[in-house]
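Summary of structural features
Okay, here's what each chain looks like letter by letter:
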Amino acid sequence: MSTTQSISNSRGQYESKAYAATGPKSSLAPTKIQRRTPGEDDIQIEILFCGICHSDLHQVRNEWSAMPTVYPCVPGHEIVGRVTRVGSAVTKFKPGDLAAVGCLIDSDGNCVSCQSGLEQFCPKMTLTYNSPDPHLGGVTFGGYSDSIVVKEHFVLIVPKNLNLAGVAPLLCAGITTYSPIRHWGVTKGKKVGVVGLGGLGHMAVKFAHAFGAHVVVFTTSPNKKENALNLGADEVIVSRNTEEMNKHVASFDFIIDTVSAEHDINAYLQLLRPDGNMTLVGAPDKPHAVSAVSLLFNRRSLSGSLIGGIAETQEMLDFCSKHNITADVEIIPIQKVNEAYDRMMTGDVKYRFSIDMTSLKQTT
Ligand code: NAP
Ligand code: ZN
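Conventions adopted
- Residues numbered from 1 in each chain as written.
- Chains lettered and ligands numbered in written order.
- Predicted model: local features only at pLDDT ≥ 70, side-chain atom pairs only at ≥ 80, totals over all residues.
- Heavy atoms only, no water.
- Helix = DSSP H or I, 4+ residues; strand = E, 2+ residues; numbered from the N terminus.
- Buried < 20%, exposed > 50% of the residue type's maximum accessible area, 1.4 Å probe, protein only.
- Lys, Arg positive; Asp, Glu negative; His and termini not counted.
- Salt bridge = Lys/Arg side-chain N within 4 Å of Asp/Glu carboxyl O.
- Polar contact = N/O pair within 3.5 Å; in protein donor to acceptor, adjacent residues only side chain to side chain.
- Contact = heavy atoms within 4.5 Å.
- pLDDT = per-residue confidence, 0-100.
- Core = buried A, V, L, I, M, F, W, Y, C linked by side-chain atoms within 4.5 Å.

1. What about the side chain of Arg35?
Locating Arg35 in the fold gives a position in strand E3 (residues 29–36). Asp146 provides the closest opposite charge to the buried, unpaired Arg35, separated from it by 6.3 Å. Among the polar contacts listed, one links the side chain of Arg35 to the side chain of Ser145, at a separation of 3.2 Å. Within the structure, the side chain of Arg35 is placed 2.8 Å from the backbone oxygen of Ser147, a separation counted as a polar contact. If sequence neighbours within four positions are ignored, Arg35 has contacts with Gly12, Gln13, Tyr14, Ser16, Leu136, Phe141, Gly142, Ser145, Ser147, Ile148 and Val149.

Shown next as structure tokens:
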């Protein structure tokens, strides 16, 4: 255990270093938070890397009306680290093992969703941050921190052959794209569109390519063209070019939309072939306008998808191990997190920031 994690057994809590925002317009800054000491089925993890998801930015800036932010907010749900301590009932992990945590840290375990491995739809699920904390009160604190304590069921086994900084983003960007790609049956011979080439989008390209699909990227950034091809795309379309878009009308089996901001989704719906599906994973706050006609013709469907269950997240990590897939990351120290948020807003990231959490040791 690191010296910063001094345990106070009497209170059943210990202090952890973290970065938090205190309001929607405040920068993230160093702070200290309380973590519970591990219970019998808990695992304590020293965090080594934490990815920066656009959801962190939405939440820190209180951009989601359906999920108001409680401050101080410690974001981070793409967590990879090393186990420092385990409770007496823990069976899968021991101190020294690698471990990972994504967006979920608890659920009721009994409902229909939990029983079918879809913990992300449990009405009582606890998110890694900004959820009511059943143990300590207040809200949960995420991975921009030096440690975290999580129930064993929600801790993932990290494949040994992968680069850890690039594994961290798999815990959200990875599973959020892998899950709908599997659900909608993306295989060899299918034509798949990926809208937006950011953290989620670049993982969608890697997965769809690995499943053998013909992958077409839609981007607003012409300078990403070359990179998209290197990531595994077969074609790249600059989405502002209507002529290029029209060449693909009624030809896609599946389109995944990862865009974080307001945009016209009808432009993509018309590209679906009969019975084709478009799945939204991007989460801009403002509702999309959907033209009924875009759906009526060709019996097209529009759906959404939220991260993935725990078993499927492990399946995704094992798939990544087998196919040598990780996120393309730029590693930064935590002290650069605010700059990273600004850069994410201008699309200046290829394709995920991964915070080296050992940099947090330098803060007092
Ligand atoms: P990101 O790295 O910032 O990528 C978003 C991409 O969207 C950008 O790279 C850009 O791609 C495109 N884009 C941005 N602004 C745009 C605009 N005004 N018009 C058109 N395209 C635009 O974000 P991310 O981390 O991948 O997250 C994407 C979204 O998914 C966020 O809303 C996030 O909250 C959400 N999310 C959802 C889930 C879930 O479970 N459903 C999980 C994680 C994240 P181009 O430059 O290629 O156009
Ligand atoms: Zn995320």
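2. A word on the confidence of the model for the protein chain
The predicted model of the protein chain has a mean per-residue pLDDT of 95, with 97% of residues at 70 or higher. The model gives residues 1–10 a pLDDT under 50, and that stretch makes 28 contacts with residues more than four places away or in other chains.

3. Structural notes on the environment of Cys50
Summarising the element assignment, Cys50 is placed in strand E4 (residues 42–51). Overall, Cys50 belongs to the buried group, its relative accessible area being 0%. C-alpha separation for the pair Cys50 and Leu295, spaced 245 residues apart in sequence, amounts to 39 Å. Beyond its immediate sequence surroundings of up to four residues, Cys50 is in contact with Gly76, His77, Glu78, Ile79, Gly143, Tyr144, Ala168, Phe353, Ser354, Ile355 and Met357.

4. Let's talk about the nonpolar core
Generally speaking, a soluble globular protein has its nonpolar side chains buried in company with each other. Ile52, Tyr144, Phe207 and Val337 are the most contacted members of the largest nonpolar core, which has 93 residues in total. The residues touching Ile52, leaving out its near neighbours within four places in the chain, are Glu78, Tyr144, Ile332, Val337, Ala340, Tyr341, Met344, Arg352, Phe353 and Ile355. In terms of nonpolar packing, the next biggest core, distinct from the first, is built from 14 residues, Val195, Val216, Tyr268 and Met278 among them.

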